[in-house]
Amino acid sequence: MNRQIVHETNAAFHSKRSRFRGRSFKEAIEFYLFISPWFIVFIVLGLIPLLYGLYLSFTNYAGFNMDRLVFVGLDNYRKVFTDNDAMYSLGRTLFFTVIMVPSTIILGFLLAVLLNQNIKRIGIYRTLFFIPSIIPVVAVGTMWRSLFVDDGIMNKLLEALGLEAVDWLGYDYAIYPLIIMLLWGVGGGILIYLAGLKGVSKDLYEAAAIDGATTIQRFVKITIPLVTPVLFFQFIMSIISSLQIFVQPILLAANSNSLLSTPLRPNYVYSVHAFQQIFAYGRFGYGLALLWVLFVMILILTIVVFTTSRFWVFYEVDQEGK
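As the structure is a computational prediction, the values presented were derived from the model and not from experiment.

Novice: Would you explain the overall build of the protein chain in this entry?
Specialist: Per the secondary structure count, the protein chain includes 14 helices and 0 strands. Listing the helices and strands of the protein chain from first to last along the sequence gives α-α-α-α-α-α-α-α-α-α-α-α-α-α. Expressed as a percentage of its 322 residues, the buried residues of the protein chain come to 34%. Sequence-distant contacts in the protein chain: of pairs separated by 6 or more residues, those separated by 24 or more amount to 66%.

Novice: Teacher, can you tell me more about the pattern of salt bridges here?
Specialist: In a structure, side chains of opposite charge can pair up when their charged atoms sit close to one another. For the structure on display, the rule yields 3 salt bridges. When the shortest N-O distance is used, the salt bridge between Arg 78 and Asp 75 registers 2.8 Å. A residue pair is termed a helical-turn pair when its members lie 3 or 4 positions apart in one helix, as Arg 78 and Asp 75 do in helix H2 (residues 75-82) at 3 residues. Of the charged contacts in the structure, one is a salt bridge between Arg 265 and Asp 85, with a shortest N-O distance of 3.4 Å. Pair noted here: Arg 265 is in the loop between helix H12 (247-251) and helix H13 (270-279) and Asp 85 is in helix H3 (residues 84-115), with a separation of 180 residues, a long-range link. On the basis of relative accessibility, which here comes to 33%, the residue Asp 85 falls in the partly exposed class.

Novice: Please clarify how the packing of H3 against helix H7 (residues 175-184) should be interpreted in this entry.
Specialist: Angle between the axes and distance between the axes are the two parameters that describe a pair of packed helices. Direction vectors running N to C along H3 and H7 enclose 40°, while the axes themselves pass 11 Å from each other. When the axes of H3 and H7 are compared, the pair comes out oblique. The two elements H3 and H7 cross, and the hand of that crossing is right-handed. Residues Arg 92, Phe 95, Phe 96, Ile 99, Met 100, Ser 103 and Thr 104 of H3 form the contact with H7, whose own contacting residues are Ile 175, Leu 178, Ile 179, Leu 182 and Leu 183.

Novice: What am I meant to see in the environment of Ile 239 here?
Specialist: Among the secondary structure elements, Ile 239 is positioned in helix H11 (residues 228-243). You can call Ile 239 buried: its relative accessible area is 9%. C-alpha of Ile 239 to C-alpha of Met 100: the two residues are 139 residues apart in sequence and 8.5 Å apart in space. Those residues within four positions of Ile 239 in sequence are excluded, and the remaining contacts are Val 101, Leu 301 and Val 305.

Novice: Please clarify how empty space enclosed by the protein should be interpreted in this entry.
Specialist: Rolling a probe over the atoms, with the probe sized like a water molecule, indicates the empty space that remains. Enumeration according to the criterion identifies 1 cavity of 30 Å³ or more in this entry. Approximately 50 Å³ is the volume attributed to the largest cavity. Split by residue class, the lining of the largest cavity holds 6 nonpolar, 1 polar and no charged.

Novice: Where do I start with the nonpolar core in this structure?
Specialist: Within soluble globular proteins, side chains that are nonpolar generally end up buried alongside one another. With 39 residues, the main nonpolar core has Val 80, Phe 109, Tyr 193, Tyr 270 and Leu 290 as its most contacted residues. Not counting residues within four places of it along the chain, the set of residues in contact with Leu 290 comprises Val 80, Ala 86, Tyr 270, His 273, Ala 274 and Gln 277. Core analysis: the second largest hydrophobic core is formed by 23 residues, Val 140, Ile 179, Phe 246 and Phe 275 among them.

Cut-off values and rules
Residues numbered from 1 in each chain as written. Predicted model: local features only at pLDDT ≥ 70, side-chain atom pairs only at ≥ 80, totals over all residues. Heavy atoms only, no water. Helix = DSSP H or I, 4+ residues; strand = E, 2+ residues; numbered from the N terminus. Buried < 20%, exposed > 50% of the residue type's maximum accessible area, 1.4 Å probe, protein only. Contact = heavy atoms within 4.5 Å. Salt bridge = Lys/Arg side-chain N within 4 Å of Asp/Glu carboxyl O. Axes fitted to C-alpha atoms, helices over the stretch in contact; angles between N-to-C directions. Parallel < 35°, antiparallel > 145°, perpendicular 65-115°, else oblique. Left-handed = near helix turned anticlockwise from the far one by under 90°. 1 Å grid on protein atoms, 1.4 Å probe; cavity = no way out; pocket = protein on both sides within 12 Å on 5 of 7 lines; lining within 4 Å. Points joined across faces, edges and corners; volume = space filled by probe spheres on them. Nonpolar A, V, L, I, M, F, W, Y, C, P; charged D, E, K, R; others polar. Core = buried A, V, L, I, M, F, W, Y, C linked by side-chain atoms within 4.5 Å.

Here it is, written out as structure tokens:
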């Protein structure tokens, strides 16, 4: 009798496990079918060109010499680190990154905290701060350039205050219009910050207030720790966007009539140098090597941030216990 019960139990177990495996296999097929359009586009338009560009970075490719392509090994990559212009532009890019990453995160987060208040018509203010981030970058650059030209509004304001006009787009001051223009679009991250702030339970604030915590204490002990996942995401995105800055310096250049315009040296960033090497001088192999060096830099910084995130990012669930 006991053997029969055990046999029936095992049979039922194997039958249920077979049905579960069949359902899991069916769900996996459905999943891959649903993502196949995106996956095919990614392979054709993303991965293949990326790997092909990596291959060309080891050649003497100049745009029209496919029949005379020569494998040059690491020569293009060695040239990156011996090119004074490349190293200078990389230094300027890192300089802008050091300024822009903390500035955009702190300013965007504080604006989101202010816009998270439950007051009348707060949606209007949220919209006003978000609008600059959806305006095309060319329109933004043209607008700010018109403000900082010699006879622009900024100099007229200075003259109205009895001060001398400033050559904002000249060598000595070119960096300031660029930083102001970049910070003007900080409202794009406000939506993400607001989503994180809305996820913080009000019960925590009420309990802390009952215990006598001040507003600043609640902000430091509750708000910031609980939105660190959002800050972590914005930190990564800010690093990537800052290292890839390209169009804005060109739009503020004195001769900004095309994408091949050369910004002044203070605004001469790495992506501009790579773009000019490829499209202005036809050094495709070297330009691709420049871009791959930038890719590796972004990858390394991202890995460092991910590695250190366990010391300052707090989740509601245990990430290691998954």
